[in-house]
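The residues making up each chain are set out below.
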Amino acid sequence: MLANSPYLTKRVPASHRGRISGISEVMRTGLTSLYQLLIGFIYGSGSSKAAWAAVLAFGVCFAALCVVLAVKDRKVYGNLYV
């Protein structure tokens, strides 16, 4: 993620950045692995259309979560958006 470091620099105290960075990397790796396993299971037990539908559904869901995060972040850290 390109914008990860500037995002953390403005919002997380310096004493916690290393911990947050480490935890987020472990969580990102774990969730990516689970996602790939789930899509592989859907592809193996269903069809490629079902797998692509699941990929599209996850993409739409994550895009909606990004919008929610952006709105909440703008409310809390409004001075960073000037």
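Further up the page is the structure itself.
Fair warning: this is a prediction, and the values are worked out from it, not measured in the lab.

A. Representation of the overall build of the chain within the structure. Helices and strands together make up the secondary structure of the chain, namely 3 helices and 0 strands. Ordered by position in the sequence, the α and β elements of the chain form the string α-α-α. Against the 2.2 N^0.38 benchmark of 12 Å for 82 residues, the chain shows a C-alpha radius of gyration of 17 Å, more extended than a compact globule. By its C-alpha atoms, the chain is 50 × 25 × 15 Å across when sized along the principal axes. Expressed as a percentage of its 82 residues, the buried residues of the chain come to 10%. As displayed, the chain offers around 6,600 Å² of accessible surface, 72% of which is attributable to carbon and sulfur atoms.

B. Quick look at the packing of aromatic side chains. A complete count under the given rule lists 2 aromatic pairs for this structure. Judged by centre distance (5.2 Å) and plane angle (80°), the rings of tyrosine 35 and phenylalanine 58 are edge-to-face. Within this pair, whereas tyrosine 35 is found in helix H2 (residues 17-45), its partner phenylalanine 58 is found in helix H3 (residues 48-76), the two being separated by 23 residues in sequence. On the basis of relative accessibility, which here comes to 28%, the residue tyrosine 35 falls in the partly exposed class. You can call phenylalanine 58 partly exposed: its relative accessible area is 26%.

Rules and cut-offs
- In this convention, every chain numbers its residues from 1, walking through the sequence in written order.
- Given that the model is predicted, a residue must reach a pLDDT of at least 70 before its local features are reported, and side-chain atom pairs must reach 80 or more before they are shown or counted; all residues, however, enter totals for whole chains, interfaces and linings.
- To get the side-chain values, take all heavy atoms of the structure and skip hydrogens and water.
- Each helix is a run of DSSP H or I of at least 4 residues and each strand a run of E of at least 2, with the numbering of both proceeding from the N terminus.
- Throughout, radius of gyration means the C-alpha value; the globule benchmark is 2.2 Å times the number of residues raised to the power 0.38.
- Throughout, exposure labels follow a simple rule: accessible area from a 1.4 Å probe, protein chains only, divided by the maximum for the residue type, with under 20% read as buried, over 50% as exposed, and the rest as partly exposed.
- Using the Shrake-Rupley algorithm and a 1.4 Å probe, accessible areas are obtained, with residue cover drawn only from the displayed protein chains.
- We call Phe, Tyr and Trp rings a pair once their centres come within 6.5 Å, taking the six-membered ring for Trp, and we label the pair stacked below 30 degrees between planes, edge-to-face above 60, and tilted otherwise.

Nothing here speaks to function; it is geometry throughout.
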